[in-house]
Amino acid sequence: MSNEDHIIPKEAEDENYEGDEINPSLFLFAKYITIYLQPVICTAGLLGNFISFCVFLSKGMRKISSNLYLAALSGSSFGFNVVLFSQWLEFVDFPIFHMQVFCQAIVYLAYIFSFLSVWLIVCITVENYIVTFHLSKAVIYCTVFRAKLVIGLLITYSVILYCGQFWTTSAIEVSENYTMCTEVNKYAQLNRIYSFWDTITTMVLPITITSVLIVAILSKNLCVSKTIDGRDSSIYRRLSKKQKCLVRITRVLLAISLTFVILSGPTHANKLRHLILTELNGAQRPYTLSDRILQQIFQIIYYLSSCLNIVYYLTWSHNFRKEIRRLLCLKPENSNREIRGIEMRSKTKSNNEPKQMENDAGNGHQTIVDKSTNPKSQITML
């Protein structure tokens, strides 16, 4: 995410955009969703991703490789929302984004978190593909050790790759008492290389991989939905415990990948359009206010992907809901009381049975034993 991906209030009020006709309604729409909707998205994203990060790294959840990817994605999305919130502060007259040092740090972190988020989505989709098409090999390839190794390599690569942003970006004074975080003209060629490489690594390549794998997974799910959903008991019962865990989590992984592709599609397509037009018309083509407004609307849509994941976790993951209740100390006491009540009734019933049998025998009645008192039957019922 570059510093051209959002509207700057000072620029929005500037009228020096010759030949750039702006739809007032579109401008107001972009302005209001940025001022009022973006902080809501950031707040929801910060809270949801923090909870998700803690849950997936808990003792009971971190034993599955997919949960480690989801924990890393939650951490990356949390950092991304911090960056978004720091950029939004300029709309309330606190332009920390345009201050020296903060400018470089925010742009640097924005590139890192964007890179990590998109490639963690790729990792999640690849793991989902392996579980869907090669379930027997998933136990070998989808391991905690491999997940930690991949996450570590992605973090190291992104930290090294984007460190040049500390030199190529700066807070430059564009008018009296007003500075703007922008690219340094001295490194214009290097910035073009960064922009091109970032387009390939965070847009073209990951979106292509994710889209192709999602189509394959959806096709497989439609063909063998009974097997994936566990309705075919003859096949599902033969799976190992770890294989069953991997099958159950495929819905969550697919929802996350599909949501990311749908919500990020418009902003990536618009960026690609601008890059192509710039190359065709020459490097002198300006980034007009209309481009910024359109891109800002698409960016808000894209930001939604950073706060919606917890909805899928709560909807489809029983273990996630269970772990949240445990972390928040919200375990229902009724369940424990019910269990104790059942145990007491069971003990009372078992103590009364011998007396009842003696009375029946003394009265000459035939003793009838209920099937439910048979220990073997009780195990089957449980």
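Whatever comes next refers back to the structure up there.
No experiment lies behind these values; they were computed from the predicted model shown.

Now, about the overall build of the chain: what can you tell me, with residues and values included?
Looking only at helices and strands, one finds 17 helices and 2 strands in the chain. Relative to its full complement of 382 residues, the chain shows a buried share of 42%. Counting contacts in the chain only where the partners sit at least 6 residues apart, residues at least 24 apart contribute 76% of the total.

Tell me about empty space enclosed by the protein, and name the residues and values.
Over the atoms rolls a probe the size of a water molecule, and its path tells where empty space is left. Inspection of the entire model under this criterion finds 2 cavities of 30 Å³ or more. Roughly 140 Å³ of internal volume is contained in the largest cavity. In this structure, the largest cavity is lined by 15 residues; those nearest its centre are Ser 77, Ser 117, Phe 260, Ser 305 and Ser 306. The element contributing the most residues to the lining of the largest cavity is helix α4 (residues 102–133), with 4 residues. Residue composition of the lining of the largest cavity, grouped by class: 8 nonpolar, 7 polar and no charged.

Can you lay out unusual backbone geometry for me, pointing to particular residues and giving the numbers?
For residues other than glycine, phi is negative in most cases, and the peptide bonds are mostly trans. Even without being a glycine, Asp 93 presents a positive backbone phi close to 60 degrees. With respect to the element layout, Asp 93 can be found in the loop between α3 (65–88) and α4. Owing to a relative accessible area of 72%, Asp 93 belongs among the exposed residues under this scheme. Even without being a glycine, Val 101 presents a positive backbone phi close to 75 degrees. For Val 101, a relative accessible area of 60% corresponds to the exposed category.

Please provide a residue-by-residue account of the environment of Val 139, values included.
Tracing the backbone through its elements, the reader meets Val 139 in helix α5 (residues 135–141). Exposure remark for Val 139: the relative accessible area of 32% places this residue in the partly exposed category. When the C-alpha atoms of Val 139 and Ser 65 are compared, they prove to be 9.9 Å apart, with 74 residues separating the residues in sequence.

Before we move on, can you summarise the pattern of salt bridges with the specific residues and values?
Pairing is possible between side chains that carry opposite charge, provided their charged atoms lie close to one another. Applying the stated criterion across every chain, the model contains 1 salt bridge. Taking the shortest distance from any N to any O, the salt bridge between Arg 326 and Glu 323 comes out at 2.6 Å. In this pair, Arg 326 and Glu 323 are both assigned in helix α15 (residues 318–327), 3 residues apart and thus about one turn of the helix distant. By relative accessible area, which is 9% here, Glu 323 ends up buried.

How would you summarise the state of the cysteines if you had to cite specific residues and measurements?
Counted by the stated rule, this structure contains 1 disulfide. Here Cys 103 connects covalently by a disulfide to Cys 181, the sulfurs 1.9 Å from one another. Disulfide Cys 103-Cys 181: the torsion about the S-S bond is 70 degrees, which places it as right-handed. Here Cys 181 lies in strand β2 (residues 178–183) and Cys 103 lies in helix α4, a separation of 78 residues in the sequence. Overall, the relative accessible area of 0% leaves Cys 103 in the buried class.

About the cut-offs
- Each residue is numbered by its place in its chain's sequence as written, counting from 1.
- With pLDDT at 70 or above as the cut-off, local features in this predicted model cover only qualifying residues; side-chain atom pairs require 80 or more to be listed or tallied, and sums for whole chains, interfaces and linings still use all residues.
- Side-chain figures throughout are based on the complete set of non-hydrogen atoms in the structure, without hydrogens or water.
- A run of DSSP states H or I qualifies as a helix once it reaches four residues; a run of E qualifies as a strand once it reaches two. Both are numbered from the N-terminal end.
- The cut-offs for exposure are 20% and 50% of the maximum accessible area for each residue type, with area from a 1.4 Å probe on protein chains only; residues under the lower value are buried, those over the upper are exposed, and the others partly exposed.
- Two residues form a contact once any of their heavy atoms are found within 4.5 Å.
- Here a cavity means grid points, on a 1 Å grid over the protein atoms only, where a 1.4 Å probe fits yet cannot get out; a pocket means an open set of points with protein on both sides within 12 Å along at least five of seven lines; lining residues are those with an atom within 4 Å of a point.
- Grid points are joined across faces, edges and corners, and a volume is the space filled by probe spheres set on the points.
- Ten residue types, Ala, Val, Leu, Ile, Met, Phe, Trp, Tyr, Cys and Pro, are classed as nonpolar, four, Asp, Glu, Lys and Arg, as charged, and the remainder, Gly among them, as polar.
- Here a salt bridge means any side-chain nitrogen of Lys or Arg lying within 4 Å of a carboxyl oxygen belonging to Asp or Glu.
- The rule for a disulfide is simple: a pair of cysteine sulfur atoms within 2.5 Å.

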